[in-house]
Every structure is written in C-alpha cells, then in structure tokens.
Amino acid sequence: MTAGEGARDRDAAGAGPQQRPAIAPVDLGRIHVPTPVMLSPMAGVTNWPFRVICESYGPDGLYVAEMITARALVARNPKALRLCRFAPSEHVRSLQLYGVNPAIVAQAARMVVDGDMADHVDLNFGCPVPKVTRRGGGSALPWKLDLFRELVSQVVSVCSPAGIPVTAKIRIGIDDEHETFREAGHIAQEEGCAAVTLHARTTAQYYGGHSDWDAIGDLVGELDIPVFGNGDIWGADDAMAMMRETGCAGVAIGRGCQGRPWIFADIRHAFAGSGERVNPTLGDVGDVIMRHAGLLTEFFDGDERMAVHDLRKHIAWYLKGFAVGGAARKAFMECETLDQVSREIGRLDPAMTVPERMIDKPRGRVRYAKKVHLPYGWLDTRETTHEQRETLFGDDPMDAGY
Ligand SMILES: Cc1cc2nc3c(=O)[nH]c(=O)nc-3n(C[C@H](O)[C@H](O)[C@H](O)COP(=O)(O)O)c2cc1C
C-alpha cells in the first residue's frame, strides 16, 4: 500500500468512521515529545528561523536541524557552526550529523557533547544525492553492516553518558533488490538508538512515486524502539492515516511543511481528536513571510540580502495554491531587501484563501533518481574491506548537502 492509499480507498468506498489510531507521547531518553510529530531535517530549509516558525504552531513536537557534515563541524567550518545555532525559544535542540568515517562522526558528537551544543543527535542514513552516496554515505551506508554498526555504536557511546539520545534516519534501501531497513533498524536498536525514522523510499526512488507505508508497518513490527514514519504526509489526515495504517509511534514531516508550517498545528489538532484546521488568508501568510524574513536576517547576522535570497524559495512555497499571478511571483524572486518583500506583499489580496481542492496537496521535489551512484563494487559484499575504508574515509566530504 502506498501513502494514504488505504485512507483514500476507504473514503471512496464510503466506509464508516475510521478507527482512531493509538497516539501517545514518545520519550527519547530524557526527551519527552508530547505530540509525536517531527520536523524532518531538510538541508537549506530547517535552519532555526524555519524551525521557530514551525514550532510556534506545534510547540510540543520535535524539530530537527538540517544535516551537518561531521568533518566540517570538526574543522569548525563557519557555515557548519552557523547551522548548529538554536533560538532560545526552541524546546529541544536537535541536530543531525552526517558522515562516513565513524571516528570523525564520533569526534563531531564529542564536540556536541563537550560544547553542550544539542539535546538530541540524529544520524543521517537517508541522503540519496549522488555526491553523498558515491562516497558510501547517506542512504548507501547501511548496506555495509560493519560500517553502519560501528558508526552508530561510536556516536551512541559518546552521547549516551551525557544523556543525549541518538536516533537514526534511514531509507528502505538502495533499490528494490537491495533493501537495508530491517537490518539497519535492528542494528540501530541493538547499539542503543532511542528511535529510528524510516523514509519509506529507496535511494533509487529519490523523491519519486509514493513512499511504501507497508515497510513502515513492517519495521514497527520488528523493533521495540519507537519508529517514526516518513514520506508523503501532506496534511493532518495523511498523518492520521499513517499512524493508523502502520502503527508507527510518530510521524516525520518534510516537504509537507514547506510554505505550510501550520501543518504542525493541524496535526496537533488531529492527534488530539479535533477537526480544527488552519487555513490562513494570504494576508496571514504575508505576516508569516515577514516574520520569517526578520528571523532569517538575524540568522544571517543582519545580512538582509542573504536573508531575502534564502527566503525566495520559501516565498514560492508560501504562495503555492494561491491565485497569485506569474508577474507577482517573479517580482518576489527579484527582491533584495525586506522593504521590497514587504512592498510586494502589500500588493497581494489579503483576503484570498487557498481553494479547498488545493489544500494538502504534494509540494517540493518529486522526481526519481536518474541513476544510483555508489562506490565501485559497493553492492558486492555487506562488509567493507580495508582498502574500501581507506578510500571512503579519504573521500569523506566537507560540504555534503542535498
Ligand atoms: C530539500 C530537502 C532537503 C532534505 N535534507 C535532508 C537532510 O538534511 N537530512 C535528512 O535526513 N533528510 C533530508 N531530506 C529528506 C526529508 O527529511 C524527508 O525524509 C523526505 O523529504 C521525505 O519526507 P516527505 O515526504 O515528508 O517530504 C531532505 C528533503 C528535501 C526535500
């Protein structure tokens, strides 16, 4: 069954009221998450300004920062350090680390612990981009069982004494013939992870097609630790459907909150049994955009131009579904200052709303991978050779990103 198919089918068949799934708070070590919803890490998106906005709609979920390359952090790269910043209002400081070399990722984790930089560390084993997988990283890594185990175990052994829970974010596998999620889930559990998040696609799928929610249900059945289901939640009804169909402990939201941070309020309401939903007017959205712009300016240490450039993609997402013409959208893409953004917002019809049929529809990237890029001979064995490790660790990039 693919994303939400069951829910839609049952609705179409006119079946009666659906059973409410069991929804309970999730504890990750000492971190209590009252509403089991997670902002899925997104490079270039989930920096603190965006997290603060999301969290203001759902103050009791978990909001994870975008992936930070362990090697860049260890080298104290300023860009990596900027991504480690949190706003004072954030309840839980949640970082995601990426790396291939267990020793380097453990070193980055040591920095996090010693510098009291975060309350929770997530490990990225889901990234499908060629720059990462061709070096054996992200979603390619769990194929190598020894490396996966070593990396998780080393990071847990650094974080655990400090009371910092570690979680792992995985995909189904590399492709349909090379699944990794069951073994990865078990290893993560054995090595002391507090939870796993499964983005139910393979690397080959990239962001195409639908995520396979059956796989989430399978993993829930296999593990004792909480499983967060991820993939294709575009609205609160999808979140409820995933909880119901898979039995997952919580859901992780990626693209569905791009330009719609209020999805966290909708999910919170749905999980609490309420039908209340946020359907902001364009005027309300304009206010959110200006708030976001202000926070981004702070994030970029007062550099308005950088803030507005970063904001542009968010504006495109915020306007999605509204009947705003191409000329107005183009004008936003040419803004360089907060005043210009504010002026363009002033030209919009503040009373406009998104038509019902456009709400909770897919957004963001949706394409398949052209080809999966892996290190030479990667799929031949499930363990790494000495030579393979030497090459991989030498290649571990400073600037991995989505
Ligand atoms: C622009 C973008 C950047 C992403 N960056 C990360 C990342 O840094 N770390 C990570 O684990 N996943 C990353 N992802 C994957 C998402 O966290 C999520 O697993 C994926 O989008 C599927 O969930 P969705 O269907 O709710 O979008 C990214 C996805 C997108 C679209």
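Residues numbered from 1 in each chain as written. Predicted model: local features only at pLDDT ≥ 70, side-chain atom pairs only at ≥ 80, totals over all residues.

## A short note on the overall build of the protein
Here is step 1 of the chain: Regarding its fold elements, the protein presents 16 helices and 11 strands.
Here is step 2 of the chain: Against the 2.2 N^0.38 benchmark of 21 Å for 402 residues, the protein shows a C-alpha radius of gyration of 21 Å, consistent with a compact globule.
Here is step 3 of the chain: Each principal axis of the C-alpha atoms in the protein carries an extent, and together these give about 65 × 55 × 40 Å.
Here is step 4 of the chain: Here the protein holds 402 residues, and the buried ones make up 49% of them. (Helix = DSSP H or I, 4+ residues; strand = E, 2+ residues; numbered from the N terminus. Rg over C-alpha atoms; globule rule 2.2 N^0.38 Å. Buried ≥ 20, exposed ≤ 12 C-beta atoms within 10 Å, placed from the backbone.)

## Examining the domain arrangement of the protein
Here is step 1 of the chain: For the protein, the assigned domains read domain 1 (5-278) and domain 2 (282-358).
Here is step 2 of the chain: Computed over C-alpha atoms, the centres of domain 1 and domain 2 are 28 Å apart.
Here is step 3 of the chain: Facing seven residues of domain 1, the contacting portion of domain 2 comprises 10 residues. (Domains from an automatic or database assignment. Contact = placed C-beta atoms within 7 Å.)

## Thoughts on the site of the ligand
Here is step 1 of the chain: Lining the immediate surroundings of the ligand are 25 residues, of which Ser40, Met42, Met67, Gly254 and Arg255 lie closest.
Here is step 2 of the chain: Tallied by class, residues from the shell around the ligand come to nine nonpolar, 11 polar and five charged. (Near = placed C-beta within 6 Å. Nonpolar A, V, L, I, M, F, W, Y, C, P; charged D, E, K, R; others polar.)

## So, the pairing of strand β7 (residues 166-175)
Here is step 1 of the chain: Where burial is concerned, most of β7 is hidden: nine out of the 10 residues are buried.
Here is step 2 of the chain: Strand direction decides the pairing type here: β7 and strand β9 (residues 195-202), joined by six bridges, are parallel. Pairing of Ile170 across the sheet is with Leu198, part of β9.
Here is step 3 of the chain: Of the strand pairs in this sheet, β7 and strand β8 (residues 178-179) are connected by two bridges, and their pairing is antiparallel. What sits directly across from Asp175, in β8, is His178.
Here is step 4 of the chain: Two successive antiparallel strands, β7 and β8, enclose a turn made up of two residues. (Pairing = 2+ DSSP bridges.)

## Structural notes on the packing of helix α9 (residues 213-222) against helix α10 (residues 236-246)
The packing of two helices is summarised by the inter-axis angle and the distance between the axes.
Here is step 1 of the chain: At their nearest, the axes of α9 and α10 sit 9 Å apart, and the two run at 50 degrees to each other. One finds that α9 runs oblique with respect to α10. Crossing hand, α9 versus α10: right-handed. Packed against α9, whose contacting residues are Trp213, Ile216, Gly217 and Val220, the element α10 presents Met242, Glu245 and Thr246 at the interface. (Axes fitted to C-alpha atoms, helices over the stretch in contact; angles between N-to-C directions. Parallel < 35°, antiparallel > 145°, perpendicular 65-115°, else oblique. Left-handed = near helix turned anticlockwise from the far one by under 90°.)

## Some remarks on the pairing of strand β5 (residues 94-98)
Here is step 1 of the chain: Of all five residues in β5, five are buried; the element is thus mostly enclosed.
Here is step 2 of the chain: A two-sided burial pattern is seen for β5, the buried positions comprising Ser94, Gln96 and Tyr98 on one face and Leu95 and Leu97 on the other.
Here is step 3 of the chain: Here strand β4 (residues 62-69) pairs with β5 via four bridges, running parallel. Following the sheet pairing, Ile68 is matched in β5 by Leu97.
Here is step 4 of the chain: Bridge analysis of β5 against strand β6 (residues 120-125) gives four bridges, and the strand direction is parallel. Following the sheet pairing, Gln96 is matched in β6 by Asp122.
Here is step 5 of the chain: Viewed along the sheet, the connection from β5 through helix α5 (residues 102-114) into β6 turns out right-handed. (Right-handed = clockwise from strand over helix to strand, strands pointing away.)

## Comments concerning helix α7 (residues 145-159)
Here is step 1 of the chain: The end-to-end C-alpha distance of α7 is 21 Å, a good match for the 21 Å that 15 residues give at a rise of 1.5 Å each.
Here is step 2 of the chain: Within α7 the residues assigned to the buried category are Leu147, Phe148, Glu150, Leu151, Val152, Gln154, Val155, Val156, Val158 and Cys159.
Here is step 3 of the chain: Of the surrounding elements, those touching the buried residues of α7 are α5, β6, β7 and α8 (181-190). (Expected span 1.5 Å × (residues − 1).)

## Focus on the packing of helix α12 (residues 282-299) against helix α15 (residues 338-346)
Here is step 1 of the chain: Relative orientation of the contacting elements α12 and α15 amounts to 175 degrees, with a least axis distance of 10 Å. With respect to each other, α12 and α15 are oriented roughly antiparallel. Contact with α12, carried on its side by Gly286, Ile289, Met290, Ala293 and Thr297, involves Leu338, Val341, Ser342 and Ile345 of α15 and no other residues of that element.

## A look at the environment of Asp119
Here is step 1 of the chain: Position of Asp119 among the secondary structure elements: in the loop between α5 and β6.
Here is step 2 of the chain: Residues Asp119 and Leu95, spaced 24 residues apart in sequence, show a C-alpha to C-alpha distance of 8.0 Å.
Here is step 3 of the chain: Those residues within four positions of Asp119 in sequence are excluded, and the remaining contacts are Ile31, Val92, Arg93, Ser94 and Ile164.

## A short note on unusual backbone geometry
Here is step 1 of the chain: For Arg76, which is not glycine, the phi torsion reads 55 degrees and is therefore positive.
Here is step 2 of the chain: As for its position among the elements, Arg76 is in the loop between α3 (70-74) and α4 (78-83).
Here is step 3 of the chain: With phi around 70 degrees, Asp232 is a residue other than glycine that occupies positive phi space.
Here is step 4 of the chain: As for its position among the elements, Asp232 is in the loop between β10 (227-230) and α10.

## Section: the nonpolar core
Here is step 1 of the chain: Counting 96 residues, the largest nonpolar core has Leu97, Ala109, Val121, Val152, Val155 and Val251 as the members making the most contacts within it.
Here is step 2 of the chain: Sort the elements by how many residues they give to this core and α7 lands first, with eight residues.
Here is step 3 of the chain: Setting aside residues up to four positions removed in sequence, Val152 forms contacts with Leu123, Ala168, Ile187, Ala188, Glu191 and Cys193.
Here is step 4 of the chain: Ranked by size, the runner-up nonpolar core spans 19 residues in total, among them Leu295, Leu296, Phe299 and Ala307. (Core = buried A, V, L, I, M, F, W, Y, C linked by C-beta atoms within 7 Å.)

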